[in-house]
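# Structural overview
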Amino acid sequence: QVQLVESGGGLVQPGGSLRLSCTASGSIALIYTMAWYRQAPGKQRELVASITSGGTTNYADAVKGRFTISRDNAKNTVYLQMNSLKPEDTAVYYCHADLLTAWGRRSDYWGQGSQVTVSS
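Here the structure is a predicted model, which is why all the values come from computation and not from measurement. (Residues numbered from 1 in each chain as written. Predicted model: local features only at pLDDT ≥ 70, side-chain atom pairs only at ≥ 80, totals over all residues. Heavy atoms only, no water.)

## Remarks on the state of the cysteines
The term disulfide refers to a covalent linkage connecting the sulfur atoms of a pair of cysteines. Inspection of the entire model under this criterion finds one disulfide. Each disulfide pairs two cysteine sulfurs, and for Cys22 the partner residue is Cys95, the sulfurs being separated by 2.1 Å. An S-S torsion of about -75° defines the bridge between Cys22 and Cys95 as left-handed. Placement of Cys22 in strand S3 (residues 18-26) and of Cys95 in strand S9 (residues 91-101) is noted, with a sequence separation of 73 residues between them. Accessibility assignment for this pair places Cys22 and Cys95 in one class, buried. (Disulfide = S-S within 2.5 Å. Helix = DSSP H or I, 4+ residues; strand = E, 2+ residues; numbered from the N terminus. Buried < 20%, exposed > 50% of the residue type's maximum accessible area, 1.4 Å probe, protein only.)

Structure below.
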């Protein structure tokens, strides 16, 4: 069984910073792309940033220059460093992994979600 466990959400003032972490555990053979999505109330889930196993990154225009995605392949962990946070960044953030399980099945997995609230 595979699990993605997130940590690091919370309440922060505008202009502040937060760092999200997500660790994948279980019967994993290989992790391809890892990503962060977010979903604000009344809106669809959207891609925030992604990173391939080789380190190639992609960002939504709304977060370019403010957020940084990184990963530690040895720890099966992906991070999202969020700086210069704005109220419009308020959302539930979800970790996502495209991976190959130890029994040879390629599947998508999601974390439990982390609330990020940006407010004064």
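## Looking at the side chain of Thr101
Its place among the elements puts Thr101 in strand S9. By relative accessible area, Thr101 is classed as buried at 1%. Beyond its immediate chain neighbours, meaning those up to four positions away, Thr101 contacts Val2, Ser27, Ile28, Ala29 and Tyr109. (Contact = heavy atoms within 4.5 Å.)

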